[in-house]
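Now for the letters of each chain:
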Amino acid sequence: MKYVIIGNSIAATNAIKSIREFDKENKIILISDEEYINYSRPLISYLLAKKITKEKINYLSTDFYEKNKVDLILKKKAVKILINEKSILLNDNTKINYDKLLLTTGGTPIIPQIKGINTNGIFNFTKISDVEKIEKYIKENNVKKVSVIGAGLIGLKATEALLELKLKVTIIELSDRILASTLDKKASAIFENELRKNGCEIITNTTVKEIITENNKVKELSLINGTRKKTDMIIIAIGVKPNIELVKETEIKINRGILVNSKMETNIENIYAAGDCAEPTIAIWPVAAQQGKIAGYNIIGQNREIKNIVPMNSVELCGIPSISAGNTVPNNSDCEILVLYNEEKKIYKKIIIQNNRIIGFIMIGNISRAGIYTMLITDKININEFKDSLLNENFGLINLPKEFRKHLVTGAGIEV
Amino acid sequence: MKKIISKEEYCIGCRLCEIHCTVAHTKTKNILKVFKGKDTKPLPKIKFEEKGFISFSLQCRHCEEANCIEACITGALYRDEKTGTVLWDENKCVGCWMCIMLCPFGVIEPDLQKKKISSKCDLCINEGFPVCVKNCPNEALVIEE
C-alpha cells in the first residue's frame, strides 16, 4: 500500500496524523511545489507585521515528517493524474505510483484581468513567498502608499500588517462595506471607523478599472467610479478559488472545487480531496483541518464522516476582536434577531434564530465563550427554553438545560 | 487519562477552586503576595458559573477529539503524547482566538491585552495534582483516571 498526498498545508498534515494512528508502516509520499514545509498560511500576516519570526511560522515540530515516515518531494509540481495507471506525473517528467491518493491542493488567488495587471509591484497574499516578495519590493522601491483591492479576510489581514509597518493603506472594495461576506453593516462599520482612525482610507462600491504604470512599475489606480489614486504597491485580495488545475482533464468530478462526499471521497475510487480545493467549499483553516483528518481516517478504512460545518471566522482588527459564524445577514423574514449594541464600548452581539435554533451570530469586542454559541449552531440545539439568557453578559453552560449540560460536560455514559 | 469531573450537586459556590488555580499558576505560589498585588495575578484557568442556587466550575475537558487543537493556527495547543492532556505553549500563541470560536465548553478565555489565551487548564502539570480538586471542600470536583 502506498499513500500519496499532493499539497502540504493543514489538510495534508492532519491526514498524515490520521493515517499514522493506524498504519505505522506503509509508505506516505507528499508532493508540494513549495520550498517551505508545514508553515501556517494564516500566520503570514503576523510574519509581514514582524509580530513573529520565520521560525515560529511552523505549526508542527520540524521532525514531523521524519517521525511519521513521510517521503517529501518538494519544489516539484504534480501536473497530471493518470487514473488508469494510478500514478501522478510531475513537472520533471517523473511518475509516482499510488494506491490511495489525497488531493489537498488548496486555493489560488483570483486575479482580475485588467490593463496593467502584469506589471511590477502587484502581489497576492496567501503564501510565505508572497511575504518575501512584498518585503523585498517595499525595501527596494521605498514604498509609502499601498492599495489593497478586496476587503475580505485576506485583504484586511494584509491591511493590518501594512499599517503595522507604518505604510499608508487604501482599501478598495466592490461591495458596500468591508468583510461583507461575514459581517453585517453595523459590525463592518465598527471596524471601518477604527481603520479610518488608524489612518486607513476605505473606498467602497467600486473597483479598479486599470492600473497605470511607469517604468514597468505600478504608479496609479484608475477606478470604475472615475477617480484616480496614486499608489506604490498593490495587494490583490478579491478572493480565492479552489486549485483544481490538476484534475481538470480527468474523470474526477468538479464544479467550483473537487466534489466530495461526507467521507471526503471523490467519484473515483481511492482518490480523496480535502481542504480549500474540495467542494462544498468553506475555505477556512478549521474546516481544512477537520476534512484532512477525516480523509486520512477513510483512506485507511476507518469509516468516518465530517461533522456539520458552518462558515466561521475570527478576525481582530485595530485591537478589536470579533468572532462570527453561520448566517449573519439572513434575508428570510421568519428569523428572530437578538441584538446587544454598545457603541461607546465597541461591543456588539447579534444572534440569529430560526425555528428555535441559532443559525448565526456575530460577537465584537467581547468574544468570551463564543464557542458555546458555535456549538449551539453546529449541534442544532433547541434554544427555546433559554432564549432570554442568550444575550446575557455571563451567558454560559449554566443556562443550558440540566440534562444536556451534564451530557455535554461529562460525556455519554458517565453522567453524574 | 486523567479527567476532572464536576458535580454541580455538591458545589457550594465557594470559588476556592478559582483562588487556588490562580495562585498555582504564579511565580511565588504565595496566596497573599498574589492577592495583594506583589506577584502577577493570572486569570483562573477554571470557569466558575453561578445562577440562583446552582453553581459549578469547569475546566478544559481535554477532549479526545479537541476542536481547539484542530483549529490552532500556530501549533500552540497540542496534545501531550504521554498523558493525553491538551497543553498550551504560550510562546507560540498569537491570539487568533480560533480556539475560543470552537471550544464548546467556553473554557478558554482571551487575554486581550497580552494577545494570548489566558485560561488553558494544564491539569496542574507542575503541581502533580490539580489544585482545584485538592482544595474543593465538598468533593464537587473529583479526578478520575
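Everything that follows concerns the structure shown earlier in this document.
Just so it is clear, the model here is predicted, and its values are computed rather than measured.

What counts as what
- Residues numbered from 1 in each chain as written.
- Chains lettered and ligands numbered in written order.
- Predicted model: local features only at pLDDT ≥ 70, side-chain atom pairs only at ≥ 80, totals over all residues.
- Heavy atoms only, no water.
- Helix = DSSP H or I, 4+ residues; strand = E, 2+ residues; numbered from the N terminus.
- Rg over C-alpha atoms; globule rule 2.2 N^0.38 Å.
- Buried < 20%, exposed > 50% of the residue type's maximum accessible area, 1.4 Å probe, protein only.
- Contact = heavy atoms within 4.5 Å.
- Areas by Shrake-Rupley, 256 points an atom, 1.4 Å probe, with all protein chains shown as cover.
- Pairing = 2+ DSSP bridges.
- Axes fitted to C-alpha atoms, helices over the stretch in contact; angles between N-to-C directions.
- Buried area = accessible area lost by both parts, 1.4 Å probe.
- Salt bridge = Lys/Arg side-chain N within 4 Å of Asp/Glu carboxyl O.
- Patch = residues over 30% accessible without salt bridge, like charges linked within 9 Å, V, L, I, M, F, W, Y side chains within 5 Å.
- Phe/Tyr/Trp six-rings, centres within 6.5 Å; stacked < 30°, edge-to-face > 60°.
- Left-handed = near helix turned anticlockwise from the far one by under 90°.
- Nonpolar A, V, L, I, M, F, W, Y, C, P; charged D, E, K, R; others polar.
- Expected span 1.5 Å × (residues − 1).
- Core = buried A, V, L, I, M, F, W, Y, C linked by side-chain atoms within 4.5 Å.

Student: Can you break down the overall build of chain B residue by residue, with the values?
Tutor: Across its full length, chain B carries five helices and eight strands. Helices and strands in chain B line up, N terminus first, as β-α-α-β-β-α-β-β-α-β-β-α-β. Taken over C-alpha atoms, the radius of gyration comes to 15 Å for chain B, in line with the 15 Å a tight globule of 145 residues would show. Along the first, second and third principal axes, the C-alpha set of chain B runs to 40 × 35 × 30 Å. With 145 residues in all, chain B has 55% of them scored as buried. The contacts of chain B with a sequence gap of at least 6 include a subset with a gap of at least 24, amounting to 52%. Carbon and sulfur atoms provide 52% of the accessible area of chain B, an area that totals close to 7200 Å².

Student: Describe the sheet that holds strand 3 (residues 70-74) of chain A, and please don't skip the residues or the numbers.
Tutor: All names here are of chain A. The strand order across the open sheet formed by five strands is 3-2-1-7-19, and the pairing between neighbours is parallel. Whereas interior strands pair on both sides, the edge strands pair on one side only; in this sheet they are strand 3 and strand 19 (271-273). Ignoring strand direction, the axes of neighbouring strands in this sheet form an average angle of 20 degrees. Examined bridge by bridge, strand 1 (residues 2-6) and strand 2 (residues 27-32) share five bridges and lie parallel to one another. Opposite Val 4, over in strand 2, you have Ile 29 as the bridge partner. Of the strands in this sheet, strand 1, strand 2, strand 3 and strand 7 (100-103) are in contact with helix 1 (residues 10-22), which crosses strand 2 at around 180 degrees.

Student: So what's going on with the interface of chain B and chain A? Which residues, and what values?
Tutor: At the junction of the two partners, chain B supplies 42 residues and chain A supplies 45 residues. Interface of chain B and chain A: buried area, both sides summed, is about 3600 Å²; carbon and sulfur atoms make up 57% of it. On the chain B side of the interface with chain A, the three residues burying the most area are Glu 70, Ile 73 and Met 101 of chain B, jointly 20% of the side's total. Where chain B meets chain A, there are nine salt bridges.

Student: Which residues make up a nonpolar patch on the surface, and what values do they have?
Tutor: Residues Ile 337, Val 339 and Tyr 341 of chain A make up a contiguous nonpolar surface patch of roughly 240 Å² in combined accessible area. For Val 339 of chain A, the location among the structural elements is in strand 23 (residues 336-342).

Student: Summarise the packing of aromatic side chains; cite the residues concerned and give the values.
Tutor: All names here are of chain A. The tally for this structure, following the rule as stated, stands at nine aromatic pairs over all chains. Relative to Tyr 297, the ring of Phe 22 has its centre 6.0 Å away and its plane inclined at 75 degrees; by these criteria the two rings are edge-to-face. With a gap of 275 residues between them, Phe 22 in helix 1 and Tyr 297 in helix 7 (residues 285-299) connect regions that are remote in the sequence. Residues Phe 123 and Tyr 137 carry aromatic rings whose centres are separated by 5.5 Å and whose planes lie at 65 degrees to one another, so their mutual orientation is edge-to-face.

Student: Residues and numbers for the packing of helix 1 of chain A against helix 7 of chain A, please.
Tutor: Residues and elements named next belong to chain A. Here helix 1 crosses helix 7 at 35 degrees, and the two axes come no closer than 7 Å. Crossing handedness for the pair helix 1 and helix 7: right-handed. From helix 1, Ile 10, Ala 11, Asn 14, Ala 15, Ser 18, Ile 19, Glu 21 and Phe 22 reach across to helix 7, where they touch Trp 285, Ala 288, Ala 289, Gly 292, Lys 293, Gly 296, Tyr 297 and Ile 299. Grouping the constituent residues of the contact of helix 1 with helix 7 by class yields 10 nonpolar, four polar and two charged.

Student: Quick rundown of helix 1 of chain A? Include the residues and the values.
Tutor: Residue and element names in this part refer to chain A. Its 13 residues place the ends of helix 1 19 Å apart at the C-alpha level, agreeing with the 18 Å of an ideal helix rising 1.5 Å per residue. Of all 13 residues that make up helix 1, 10 are buried, and the element is covered over most of its length. Listing the buried residues of helix 1 in full gives Ile 10, Ala 11, Ala 12, Thr 13, Asn 14, Ala 15, Ile 16, Ser 18, Ile 19 and Arg 20.

Student: Break down the nonpolar core for me, with residues and values.
Tutor: Residues and elements named next belong to chain A. One finds Ile 81, Ile 88, Leu 103, Leu 376 and Leu 390 to be the most contacted residues of the largest nonpolar core, which totals 165 residues. Sorting elements by how many residues they give to this core places helix 7 first, with seven residues. Setting aside residues no more than four positions away along its own chain, Leu 376 makes contact with Ile 358, Ile 381, Ile 383, Phe 386, Leu 390, Phe 395 and Leu 400. In terms of nonpolar packing, the next biggest core, distinct from the first, is built from 13 residues, Ile 203, Val 208, Val 218 and Ile 236 among them.

Student: Quick one: what's the story with the sheet that holds strand 16 (residues 233-236) of chain A, residue by residue and with numbers?
Tutor: The strands that make up a sheet are held in pairs by hydrogen bonds between backbone atoms, and each pair lies either parallel or antiparallel. Residues and elements named next belong to chain A. The strand order across the open sheet formed by five strands is 9-16-10-11-12, and the pairing between neighbours is parallel. This sheet does not close on itself; its edge strands, each paired only once, are strand 9 (122-123) and strand 12 (201-203). Examined bridge by bridge, strand 9 and strand 16 share two bridges and lie parallel to one another. Paired with Ile 122 across the strands is Ile 234, a residue of strand 16. Helix-sheet contacts for helix 4 (residues 128-141) involve strand 9 and strand 16, and the interaxial angle to strand 16 is about 165 degrees.

Student: How would you summarise unusual backbone geometry if you had to cite specific residues and measurements?
Tutor: Following Glu 279 of chain A, the chain continues into Pro 280 of chain A via a peptide bond in cis, with omega recorded as 10 degrees. Looking at where Pro 280 of chain A falls in the secondary structure, it is placed in the loop between strand 20 (278-279) and helix 7. One non-glycine residue, Lys 115 of chain B, lies in positive phi territory at about 60 degrees. Relative to the elements of secondary structure, Lys 115 of chain B occurs in the loop between strand 6 (110-111) and strand 7 (116-117). The class for Lys 115 of chain B is partly exposed, based on a relative accessible area of 28%.

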